[in-house]
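Here is what each chain is made of, one letter per residue.
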Amino acid sequence: MTATLEVSAGVGTIRLDRPPMNALDVATQDRIKELAEEVTRREDVRAVVVYGGEKVFAAGADIKEMQDMDHAAMVLRSRSLQDSFSAVARIPKPVVAAVTGYALGGGCELALCADYRIAADNAKLGQPEILLGLIPGAGGTQRLPRLIGPSKAKDLIFTGRMVKADEALAIGLVDRVVPAADVYTEAHAWAAKLAQGPAIALRAAKEAVDTGLETDLETGLAVERNWFAGLFATEDRERGMRSFVEEGPGKAKFL
């Protein structure tokens, strides 16, 4: 398998497993999509970690495989490539990327699909496609500027340069930097905490934020309003409010 799924304590870990560098060939891309759709369906998965292992997250696409593709072949493949990564972005549950070592090209684009990114202090991230005479093709030109702003994104995309963990943190490309040995533990802890939260409300929050970023303010407010009102029909809302009244804030236990 080029990627595997392990479920523990409500957390599903999608682990890339294509040594030595987790190059994202076609088979791995398709497997990522399969696993993203699986964790979306599974009720025992309430949060997700995307992890490449102790040494490397993903060093990018399989260049040897891509070299043999002509324009016609890539026209057919490019949509599937984007769909594989978008399947991760569309997981309606909290998703954290645990980034060790290199996250370059497609590896960086995969990390961008997560809601939160925890990086090792030795991590290096970037979009080096320009050095191949290409541009990012798995969402990098769209998700990166939405995350760190257009000018910083253009710097990385135009130059193809890698950024170390400290710069990635400073520009907002990652959200936390920890020692390399602690990356997965910290990511799993983040996911496990949210896995105990109100699943429908978390889904609503994610959809409202993500939809709002893609549309105008009024439409985003309408999405928020509809989800907010709709949550009043859930058991989690009843449980949360009852706990607040009877026990005080932050003590509710959700199923």
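Shown above is the structure to which this text applies.
Residues numbered from 1 in each chain as written. Predicted model: local features only at pLDDT ≥ 70, side-chain atom pairs only at ≥ 80, totals over all residues. Heavy atoms only, no water.

Caption draft 1: Expanded view of the overall build of the protein. Check the secondary structure of the protein and you find 11 helices and 9 strands. For 255 residues, the compact-globule estimate of 2.2 N^0.38 gives 18 Å, and the protein sits close to it at 19 Å. Looking at the protein as a whole, 42% of its 255 residues are labelled buried. Across the protein, every contact between residues at least 6 apart in sequence was considered, and the portion connecting residues at least 24 apart equals 69%. (Helix = DSSP H or I, 4+ residues; strand = E, 2+ residues; numbered from the N terminus. Rg over C-alpha atoms; globule rule 2.2 N^0.38 Å. Buried < 20%, exposed > 50% of the residue type's maximum accessible area, 1.4 Å probe, protein only. Contact = heavy atoms within 4.5 Å.)

Caption draft 2: Focus on the pairing of strand 3 (residues 47-51). Extensive coverage of strand 3 is indicated by the burial of 5 of its 5 residues. The side-chain alternation of strand 3 yields two buried faces, one formed by Ala-47, Val-49 and Tyr-51 and the other by Val-48 and Val-50. In terms of handedness, the path from strand 2 (residues 11-16) via helix 1 (residues 26-41) over to strand 3 forms a crossover that is right-handed. When strand 3 meets strand 4 (residues 95-99), the two strands line up parallel, connected through 4 bridges. Residue Val-50 lies in a different strand from strand 4, and its bridge partner there is Ala-97. (Right-handed = clockwise from strand over helix to strand, strands pointing away. Pairing = 2+ DSSP bridges.)

Caption draft 3: Just the packing of aromatic side chains, in detail. One pass over the full model with this rule turns up 3 aromatic pairs. Ring geometry for Tyr-116 against Trp-190: centres 5.0 Å apart, planes inclined by 5°, an arrangement best described as stacked. Of this pair, Tyr-116 sits in strand 6 (residues 116-120) while Trp-190 is found in helix 8 (residues 183-195), placing the two residues 74 residues apart along the sequence. Ring centres of Phe-228 and Phe-232 lie 5.5 Å apart, and the angle between their planes is 70°; this geometry places the pair in the edge-to-face category. Overall, Phe-232 belongs to the partly exposed group, its relative accessible area being 37%. (Phe/Tyr/Trp six-rings, centres within 6.5 Å; stacked < 30°, edge-to-face > 60°.)

Caption draft 4: Quick look at the sheet that holds strand 2. In spatial order, the strands read 1-2-3-4-6-9; together these 6 strands make up an open sheet with mixed pairing. Each edge of the open sheet is held by one strand with a lone partner, namely strand 1 (3-8) and strand 9 (176-178). The mean inter-strand angle of the sheet, taken between neighbouring strand axes irrespective of direction, is 20°. Sheet topology note: the strand 1/strand 2 ladder contains 6 bridges and is antiparallel. Along strand 2, the bridge assignment pairs Ser-8 with Val-11. (Axes fitted to C-alpha atoms, helices over the stretch in contact; angles between N-to-C directions.)

Caption draft 5: View of the packing of helix 5 (residues 140-148) against helix 6 (residues 150-159). Axis separation between helix 5 and helix 6 bottoms out at 7 Å; the angle between their running directions is 135°. Overall, the two elements helix 5 and helix 6 adopt an arrangement that is oblique. Handedness of the crossing formed by helix 5 with helix 6: right-handed. Contacts between helix 5 and helix 6 involve Gly-140, Thr-141, Leu-144, Pro-145 and Ile-148 on the former and, on the latter, Pro-150, Lys-152, Ala-153, Leu-156 and Ile-157. Residue classes in the contact of helix 5 with helix 6 are distributed as 7 nonpolar, 2 polar and 1 charged. (Parallel < 35°, antiparallel > 145°, perpendicular 65-115°, else oblique. Left-handed = near helix turned anticlockwise from the far one by under 90°. Nonpolar A, V, L, I, M, F, W, Y, C, P; charged D, E, K, R; others polar.)

Caption draft 6: Examining the pattern of salt bridges more closely. If you walk through the whole model with that rule in mind, you get 14 salt bridges. Among the salt bridges present, the one from Glu-167 reaches Arg-161, with a minimum N-O distance of 2.6 Å. Linked through salt bridges whose partners overlap, the residues forming this network are Glu-38, Arg-42 and Asp-44. (Salt bridge = Lys/Arg side-chain N within 4 Å of Asp/Glu carboxyl O.)

Caption draft 7: Unusual backbone geometry, seen in detail. In this structure, the amide linkage connecting Pro-19 to the following residue, Pro-20, adopts the cis form with an omega of 5°. Considering the arrangement of structural elements, one finds Pro-20 in the loop between strand 2 and helix 1. Although it is not a glycine, Ala-9 adopts a positive phi angle of roughly 55°. On the secondary structure map, Ala-9 appears in the loop between strand 1 and strand 2. For Ala-9, a relative accessible area of 62% translates into the label exposed. The backbone of Asn-22 sits at a positive phi, close to 55°, despite the residue not being glycine. Considering the arrangement of structural elements, one finds Asn-22 in the loop between strand 2 and helix 1.

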